[in-house]
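Coordinate inspection notes
So you can see what is in the structure, the chains are spelled out below.
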Amino acid sequence: MKKKFTLISLILGLFFLFVGVQNVFAEAGVYVGGHIRRERPGTITKLRNSGFTYVILFNVHVDTDGTLMTDGETICKDGVYVFGNTQPNYINDVKLLKTWPTSIRRIEICIGGWGNDSYDHIRDLINSGKIDVLRNNFRALKEAIPEIDAVNNDDEHCYDLNAATTFHVMMYDLGYKSTLAPYMNWNFWNNLSAKINNQRPGACDRIL
């Protein structure tokens, strides 16, 4: 009887282990930086065949005047997408990431990172009544590349709860979901997730 019980326990243990592994690998993502542009089209092909289900484009920097930048190049300024002037292939490359056959189902843009002051600028623009500057630039990005599903918040030092909530609610209204990437200050992230979803249920749908 003891041997039978042990065998059943082992089978059940392996079953739940298998199910757990399946859940872990059901969603897997990767941050991709400037090399996605510099080493195209090979990077695009590799990502489509990688098995990753989402990519996080690192990163979008919000300047003091609300201009969206990356690697010193301008993405959107004054409500106009201008990245094509320096990166003419970028729109098609991002669209191709989600074009079958591909494993990629979600694309996020990362704002933040160590030493990045984007959220300070976002806070200052919102507090000074210039949220429309942000809205117009992120709307231009969404209209140029609707395949971008979400904004990934990697704030590592600003932690302004009210400004961050206002920003993510605005982003949801523009068509972006929100992902949070907690680094420190867990109370901030828990409160931010709750406040966003209280105003826009389901807007914040991932915490990495």
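This text gives an overview of the structure that appears in the document.

**Considerations on the packing of helix H7 (residues 161-174) against helix H8 (residues 186-199)**
As a packed pair, H7 and H8 sit with axes 9 Å apart at the nearest point and diverge in direction by 40°. Accordingly, the angle class assigned to the pair H7 and H8 is oblique. Like other packed secondary-structure pairs, H7 and H8 cross with a definite hand, here right-handed. Contacts between H7 and H8 involve Leu161, Asn162, Ala164, Thr165, His168 and Val169 from the first element and Phe188, Asn191, Leu192, Lys195, Ile196 and Gln199 from the second. Class assignment of the residues belonging to the contact of H7 with H8 gives a composition of six nonpolar, five polar and one charged.

**A closer look at the pairing of strand E7 (residues 106-112)**
Across the seven residues of E7, seven count as buried, placing the element largely inside the fold. Judged from the four bridges that link them, strand E2 (residues 54-57) and E7 form a sheet pairing that is parallel. Following the sheet pairing, Ile56 is matched in E7 by Glu108. Of the strand pairs in this sheet, E7 and strand E8 (residues 150-154) are connected by five bridges, and their pairing is parallel. Within the sheet, the bridge partner assigned to Cys110 lies in E8 and is Asn152.

**Quick notes on the sheet that holds strand E9 (residues 177-180)**
Spatial strand order, E1-E2-E7-E8-E9-E10: six strands in an open sheet with parallel pairing. With one partner strand each, in any of the chains shown, strand E1 (29-32) and strand E10 (204-207) form the two edges of the open sheet. In this sheet, adjacent strand axes meet at a mean angle of 25° when their direction is disregarded. As judged from the four bridges shared by E1 and E2, these two strands associate in the parallel manner. If you follow Val30 over to E2, its bridge partner there is Val55. In the packing of H8 onto the sheet, the strands contacted are E8, E9 and E10, and the crossing angle to E10 comes to about 160°.

**Considering the nonpolar core**
In terms of nonpolar packing, the biggest core is built from 40 residues, with Phe138, Leu141 and Phe167 touching the most fellow members. Among the secondary structure elements, those contributing two or more residues to this core are helix H3 (42-48), E2, strand E5 (73-77), helix H4 (90-97), E7, helix H5 (118-127), helix H6 (131-144) and H7. Examining the composition of this core, we find that six residues originate from one element, H6, more than from any other. Discounting residues that sit within four places of it in the chain, Phe167 has contacts with Ile111, Tyr119, Ile122, Ile126, Leu134, Phe138 and Val151. Core analysis: the second largest hydrophobic core is formed by nine residues, Tyr159, Ala164, Ile196 and Ala203 among them.

**Here we look at the sheet that holds strand E4 (residues 68-70)**
A sheet is described by the order of its strands in space; here four strands give the open sequence E3-E4-E5-E6, paired in antiparallel fashion. One side of each edge strand has no neighbouring strand; the edge strands of this open sheet are strand E3 (61-62) and strand E6 (80-81). Sheet topology places E5 next to E6; two bridges connect them, and they run antiparallel. Considered in E6, the bridge of Lys77 is made with Val80.

**Thoughts on H5**
Counting along an α-helix, one turn takes 3.6 residues, and residues three or four places apart therefore face a common direction. The buried fraction of H5 amounts to seven of the 10 residues, a majority that puts the element mostly inside the structure. Within H5, burial applies to Ser118, Tyr119, Asp120, His121, Ile122, Leu125 and Ile126. Residues of H5 that are buried sit in contact with E3, E7, H6, E8 and H7. Phi for Gly129, located one or two positions after H5, is positive at around 80°.

Calculation criteria
The residue numbering used here restarts from 1 in each chain and proceeds along that chain's sequence as written. For a predicted model such as this one, the threshold for reporting local features is a pLDDT of at least 70, and the threshold for listing and counting side-chain atom pairs is 80 or more; totals across whole chains, interfaces and linings nevertheless cover every residue. Just so you know, side-chain values use all the structure's heavy atoms and leave hydrogens and water out. Orientation is described by axes fitted as lines to C-alpha atoms, over the contacting stretch for helices, and by angles from 0 to 180 degrees between their N-to-C directions. Only DSSP runs of H or I reaching four residues or more are called helices, and only runs of E reaching two or more are called strands; each is numbered from the N terminus. Comment on the angle field: the value is read as roughly parallel under 35 degrees, roughly antiparallel over 145, roughly perpendicular from 65 to 115, and oblique elsewhere. Crossing handedness follows the turn of the near helix against the far one: under a right angle anticlockwise gives a left-handed crossing, and clockwise gives a right-handed one. The contact criterion used throughout is that any non-hydrogen atoms of two residues lie within 4.5 Å. When residues are sorted by character, Ala, Val, Leu, Ile, Met, Phe, Trp, Tyr, Cys and Pro go into the nonpolar class, Asp, Glu, Lys and Arg into the charged class, and all the rest, Gly among them, into the polar class. Relative accessibility decides the category of a residue: with a 1.4 Å probe and only protein chains considered, values under 20% of the type maximum give buried, values over 50% give exposed, and everything between is partly exposed. Two strands make a pair as long as DSSP finds a minimum of two bridges between them. Nine residue types can take part in a nonpolar core, namely buried Ala, Val, Leu, Ile, Met, Phe, Trp, Tyr and Cys, and a core is a set of them joined through side-chain atoms within 4.5 Å.

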